[in-house]
Amino acid sequence: MRHTVHVPMRWSDMDAYQHINNVAFLGYFEMARVSLFFEQPTHDERTGMRRGLVVASHEIAYKRSVVYDAEPLEVQVWVSGIRAAAFTCRYELFDHGALAVTGSTLLVPFDFALNRPRRITPEEKEFLARWTDEPTG
């Protein structure tokens, strides 16, 4: 299942060419992740997602340029590749219904008290599995 977030563009997100700057899209993806993991009433309080996740890597592909508009962008986010100590968030960003940017973020649960990565708990795996958009089996 995918989680959809409507993300407003900021005037300051524009670059010298009057397009949304490429780095702004990582911020839009972050807003979608925060909405999924921290702002949804479906979030299971028993999981440690609120205690700490760190970004291990990003990938992003620009399909078309985006020009500033008052209409928010639509970002769809879902989870894939759940492993023992990492998982991936995937994104599709739509501008006026047209696919403009795709991307992914590799996330690692992190124990800040011990200053090291940690394994994903069974409760966290269960939560993440609710947001996969991949066939099971």
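Sequence order as written defines residue numbering, which begins from 1 separately in each chain. Only residues with pLDDT of at least 70 get local features here, since the model is predicted, and only at 80 or more are side-chain atom pairs given and counted; chain-wide, interface and lining totals rely on the full set of residues. Excluding hydrogens and water, the side-chain values take into account all heavy atoms of the structure.

**Observations concerning the environment of Leu106**
- Each helix is a run of DSSP H or I of at least 4 residues and each strand a run of E of at least 2, with the numbering of both proceeding from the N terminus. Examined against the element boundaries, Leu106 turns out to sit in strand β5 (residues 98-111).
- Linking Leu106 and Cys89, residues 17 residues apart in sequence, is a C-alpha distance of 6.5 Å.

**Concerning unusual backbone geometry**
- If you check the backbone angles, Gln18 has positive phi at about 70° while not being a glycine.
- Within the secondary structure layout, Gln18 lies in the loop between β1 (3-7) and α1 (24-38).
- Exposure categories follow from relative accessible area, calculated using a 1.4 Å probe and restricted to protein chains: below 20% of the type maximum is buried, above 50% is exposed, and the middle band is partly exposed. For Gln18, a relative accessible area of 47% corresponds to the partly exposed category.
- The phi angle at Asn115 is positive, at roughly 55°, despite the residue not being glycine.
- Following the sequence through the fold, Asn115 ends up in the loop between β5 and β6 (116-117).
- Given the relative accessible area of 60%, Asn115 is considered exposed.

**Quick notes on α1**
- What a helix should span is 1.5 Å times the count of its residues minus one. Between its first and last C-alpha, α1 extends 21 Å over 15 residues, near the 21 Å set by a 1.5 Å rise per residue.
- Along α1, the positions that sit buried rather than exposed are Ala24, Phe25, Tyr28, Phe29, Ala32, Arg33, Ser35, Leu36 and Phe37.
- Any two residues having at least one pair of non-hydrogen atoms within 4.5 Å are treated as being in contact. Each element contacted by the buried residues of α1 is listed here: β1, β2 (53-62), β3 (73-80), β4 (87-95), β5 and α2 (122-129).

**Looking at the pattern of salt bridges**
- By definition here, a salt bridge exists when the distance from a side-chain nitrogen of Lys or Arg to a carboxyl oxygen of Asp or Glu is within 4 Å. Per the stated rule, a full pass over the model turns up five salt bridges.
- The shortest N-O distance in the salt bridge between Asp133 and Arg2 comes to 2.6 Å. On the criterion of sequence distance, the pair formed by Asp133 in the segment after α2 and Arg2 in the segment before β1 is long-range, its members being 131 residues apart.
- Since its relative accessible area comes to 37%, Asp133 is described here as partly exposed.

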